[in-house]
Amino acid sequence: MIDGRKYRTLIVGCGIAGGGVVHSDHSHAGLVARTEGLTLVAAVDKVQSRADRVVEWFEGNAYSDLSTALAQSRPSFVIVSTPDHSHFSVVSEVLKSSF
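None of these values were measured; they are calculated from a predicted model. (Residues numbered from 1 in each chain as written. Predicted model: local features only at pLDDT ≥ 70, side-chain atom pairs only at ≥ 80, totals over all residues. Heavy atoms only, no water.)

Trainee: Explain the sheet that holds strand β4 (residues 77-80) to me, and be specific about the residues and the numbers.
Mentor: Sheet architecture is open: four strands sit in the order β3-β2-β1-β4, paired in parallel fashion. Each edge of the open sheet is held by one strand with a lone partner, namely β3 (61-63) and β4. Across the sheet, the mean angle separating the axes of adjacent strands is 30 degrees when strand polarity is ignored. For strand β1 (residues 7-12) and strand β2 (residues 38-44), the ladder comprises six bridges, and the chain directions are parallel. When the bridges of β2 are listed, Thr 9 appears paired with Leu 40. Together, β2 and β3 form the strand contacts of helix α2 (residues 48-57), whose direction differs from that of β3 by roughly 170 degrees. (Pairing = 2+ DSSP bridges. Helix = DSSP H or I, 4+ residues; strand = E, 2+ residues; numbered from the N terminus. Axes fitted to C-alpha atoms, helices over the stretch in contact; angles between N-to-C directions. Contact = heavy atoms within 4.5 Å.)

Written out as C-alpha cells, the structure is:
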C-alpha cells in the first residue's frame, strides 16, 4: 500500500503503452498491476477489444466510454495513455466529471 491506502486506477487508452496490444508488465496496466497499493478498476479505449484485453490480462472492467467508466468505477486517479493530441480533451472530461 502507498501511505497505507489503496488507490483505484483507471487507464484511458489501451494501445501499446496502455497495455491492450501486447501483454507486458512494462505497460501502464502492467505497472499498476504489480505496484502495491494500486488496483486497476477500469480500462477505457474507443476500440472495445483493447480495453477487454487489458482487463482479461490484468483486472478491472472494460469500457469504450470515458464518462461511463468514471461514473461506474469511481477511480482515485486516471492514467492518460492516449495519443498526445487527445490528452487535453481526455483530461478536460476527467476534470469536469464528478467521480
